[in-house]
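Structure assessment
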Amino acid sequence: MIHFPSFGLGCQHRESKVQTPTTVTQDEQKQLVAREALRYVVEDAWLGVGSGSTANMFIDALAASRLRIKGAVASSVKTAERLKAHRIDVEELNNVSDIPVYIDGADEVTAAGAMIKGGGGALTREKIVAAAAQKFVCIADQSKKVDVLGKFPLPVEVIPMARSYVARELVRLGGYPQWRMGFTTDNGNVILDVSDLAIRNPVALEDRINAIAGVVTVGLFARRGADVILLGTAQGMETITPHR
Ligand code: 5RP
C-alpha cells in the first residue's frame, strides 16, 4: 500500500490516497469506506448513523468491531431496525445532547463537501441528525464524486397538500420535478425528485428551496456539508478534507 498526500489546484481541500494494486469494484469501495469510517467513531459517546447501502455496510462493520459506543441516533426507521438487529442501542435524538460524529453516505458529493442526499428518502432526519452532530463523515464510492451537483435528481420532501404548488415553484427555478409515486417518508410526507438543475451555488439553492412554503427539507447539504469525505476509488481509499 502506498500513502501519498496530494493538493488539488484551485480547490479548497486536502486529499490523501491509499493505492491498492487491483481494481476495486463499487461494492468493495463501499466496504472499504464503511470499514475506514470506524476510525472516526468516538467510543463511549453517541454516534449519528445515516441511511442507505453504504451506511448499512458501516452498521455491519460497527457491529463486527470491538468499538464500544453509548448508543446510536438513527436517521431513519430502516437504520434503527438494522442497528437494533445487531443489538446496538438506539436512542431518540431528543434524549441526546452531544453527538461527536455522524456517518452517512451521499448521492453526490463535491470536493468542497456539498452533497445531494435523499435517494433513499431519509433526507429530513439525516439533515437533523447531521445538524446536531459536530462532525459529518461522508462515506461514498467514487461514482458519487462530482464537480457540479445536479446530475442526480435533487430530492425535496414536501407536505402532501403542497405537492403541486411546490412543483410549480421548482419549475420556476428551472427544474423538472417528478413525484416519487408510492413513496411516503418516515415523517408521512412525499418526495419530489428534481432533475435538470446545474447547482453552481448549492448554499443559495438550499436556502431558496427551503424557503418555499410546503417544503420540509431539500436534499442539498451545503450549509452543513461533510467535514471529511472517505471516498472509495477503483485504486483504493481516498480521504478528502474540505476546507470551508
Ligand atoms: C438516503 C441517502 C443515502 O445516503 C444516499 O442515497 C446514498 O445511498 P447509497 O449508500 O445506497 O448509495 O441520502 O436518504
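Above this text sits the structure in question.
A brief structural summary. Every value quoted in this text rests on a predicted model; they were computed, and no experiment measured them.

Looking now at the pattern of salt bridges. One pass over the structure, following the stated rule, counts eleven salt bridges. Close ionic contact of Glu169 with Arg172 constitutes a salt bridge, the shortest N to O distance being 3.4 Å. Taken together, the residues Glu169 and Arg172, both in helix 5 (residues 163-172) and three residues apart, mark about one turn of the helix. You can call Glu169 buried: its relative accessible area is 13%. Ionic contacts of the salt-bridge type, sharing partners, join the residues Asp104, Lys117 and Glu126 into one network.

This part is about the sheet that holds strand 13 (residues 220-221). Strand order in the open sheet formed by three strands is 6-7-13, and the pairing between neighbours is antiparallel. In this open sheet, the two edge strands, each paired with only one partner strand, are strand 6 (108-109) and strand 13.

One can describe the packing of helix 2 (residues 53-64) onto helix 3 (residues 77-85) by two numbers: an axis separation of 10 Å at closest approach and a directional angle of 20 degrees. If you check the angle between helix 2 and helix 3, you find them roughly parallel. Classified by chirality, the crossing of helix 3 by helix 2 is right-handed. Residues Asn56, Ile59 and Asp60 of helix 2 form the contact with helix 3, whose participating residues are Thr79, Arg82 and Leu83. Residues belonging to the contact of helix 2 with helix 3 are distributed by class as follows: two nonpolar, two polar and two charged.

Another point: the layout of surface pockets. Roughly 440 Å³ of volume is contained in the largest pocket. Contributing to the lining of the largest pocket are 25 residues, with Ser51, Gly52, Gly120, Gly121 and Glu126 lying nearest its centre. Contributions of two or more residues to the lining of the largest pocket are made by helix 2 and helix 3. Split by residue class, the lining of the largest pocket holds four nonpolar, 14 polar and seven charged. Two domains share the lining of the largest pocket, each providing at least three of its residues, namely domain 1 (12-146 + 222-242) and domain 2 (154-219).

This next bit is on the site of the ligand. For the ligand, the set of nearby residues contains 17 residues, the closest of which are Ser53, Thr54, Asp107, Gly118 and Lys144. Ser53 places a polar side-chain atom, nitrogen or oxygen, 2.5 Å from an oxygen atom of the ligand. Within the backbone of Gly118, a nitrogen or oxygen atom sits 2.8 Å from an oxygen atom of the ligand. Summarising the interface, the protein chains cover 90% of the accessible area of the ligand, which totals 380 Å² for the free molecule. Placement of the ligand is best described as lying within the largest pocket. Within the shell around the ligand, the residues separate by chemical class into two nonpolar, nine polar and six charged.

The next thing to look at is the nonpolar core. Counting residues in each nonpolar core, the largest one holds 26 residues, and the members touching the most others are Leu47, Phe58, Leu62, Ile103, Val137, Ile139 and Leu230. Looking at this core, the elements with two or more residues in it are helix 1 (26-36), strand 3 (46-49), helix 2, strand 4 (71-74), helix 3, strand 5 (99-104), strand 8 (133-141) and strand 14 (228-233). Here the element with the most residues in this core is helix 2; it accounts for five residues. Not counting residues up to four positions away in its chain, the partners in contact with Ile139 are Val33, Ala37, Thr54, Ala55, Phe58, Ile103, Asp104, Gly105, Ala106 and Leu230. Listed in part, the 23 residues of the second largest apolar core include Val158, Val166, Leu197 and Ala222.

For sheets, the rule is that strands pair by backbone hydrogen bonds, running either parallel or antiparallel. Pairing is antiparallel across the open sheet formed by four strands, whose spatial order is 10-11-9-12. For this open sheet the edge positions go to strand 10 (176-179) and strand 12 (215-218), each flanked by a neighbour on one side alone. Neighbour-to-neighbour, the strand axes of the sheet open up by a mean angle of 30 degrees, direction not taken into account. Examined bridge by bridge, strand 9 (residues 154-158) and strand 12 share three bridges and lie antiparallel to one another. Considered in strand 12, the bridge of Val156 is made with Val218.

Attention now moves to the environment of Lys127. Turning to its location among the elements, Lys127 is positioned in helix 4 (residues 123-132). With relative accessibility at 16%, the residue Lys127 sits in the buried group. Distance in space between the C-alpha atoms of Lys127 and Arg224 is 8.3 Å, their sequence separation being 97 residues. What Lys127 contacts, discounting residues up to four positions off in sequence, is Glu206, Asn210, Thr217, Val218, Leu220 and Phe221.

Parameters at a glance
- Here, residues in each chain are numbered from 1, in the same order as that chain's written sequence.
- Only residues with pLDDT of at least 70 get local features here, since the model is predicted, and only at 80 or more are side-chain atom pairs given and counted; chain-wide, interface and lining totals rely on the full set of residues.
- Side-chain measures were taken over the full set of non-hydrogen atoms in the model, leaving aside hydrogen atoms and water.
- Salt bridges are identified by distance alone: a Lys or Arg side-chain nitrogen within 4 Å of an Asp or Glu carboxyl oxygen.
- For the purposes of this entry, the term helix denotes a DSSP run of H or I that reaches at least four residues, the term strand denotes a run of E that reaches at least two, and both are numbered from the N terminus.
- Here the term buried applies to any residue with accessible area under 20% of the maximum for its type, exposed to any over 50%, and partly exposed to those in between, with areas from a 1.4 Å probe on protein chains only.
- Any two strands with at least two DSSP-identified bridges between them are counted as paired.
- Angles here are taken between N-to-C directions and fall from 0 to 180 degrees, while the axes themselves are lines fitted to C-alpha atoms, restricted in helices to the stretch in contact.
- Between 65 and 115 degrees an angle is taken as roughly perpendicular, under 35 as roughly parallel, over 145 as roughly antiparallel, and anywhere else as oblique.
- Crossing chirality is assigned from the near helix's rotation relative to the far helix, an anticlockwise turn below a right angle marking it left-handed and a clockwise turn marking it right-handed.
- Contacts are assigned to residue pairs that have any heavy atoms within 4.5 Å of one another.
- Classification used: nonpolar for Ala, Val, Leu, Ile, Met, Phe, Trp, Tyr, Cys and Pro, charged for Asp, Glu, Lys and Arg, polar for all others including Gly.
- Any residue with an atom within 4 Å of a point lines the site, the site being either a cavity, points on a 1 Å grid over the protein atoms alone where a 1.4 Å probe fits but cannot get out, or a pocket, an open set with protein on both sides within 12 Å along at least 5 of 7 lines.
- Grid points are joined across faces, edges and corners, and a volume is the space filled by probe spheres set on the points.
- Where a domain begins and ends is set by an automatic assignment or by a domain database.
- Here, proximity means that at least one heavy atom of the residue falls within 4 Å of the molecule or strand.
- Any pair of N or O atoms that falls within 3.5 Å is considered a polar contact. Within protein, one atom must be able to donate a hydrogen and the other to accept it, and sequence-neighbouring residues count only if both atoms are side-chain atoms.
- Areas reported as accessible are Shrake-Rupley estimates using a 1.4 Å probe. Residue values count occlusion only from the protein chains shown.
- Occupancy of a cavity or pocket is assigned to a molecule whenever over half of its atoms lie within 2 Å of that pocket's grid points.
- Residues belong to a common nonpolar core when they are buried Ala, Val, Leu, Ile, Met, Phe, Trp, Tyr or Cys residues joined through side-chain atoms within 4.5 Å.

Honestly, it's all geometry; don't read function into it.
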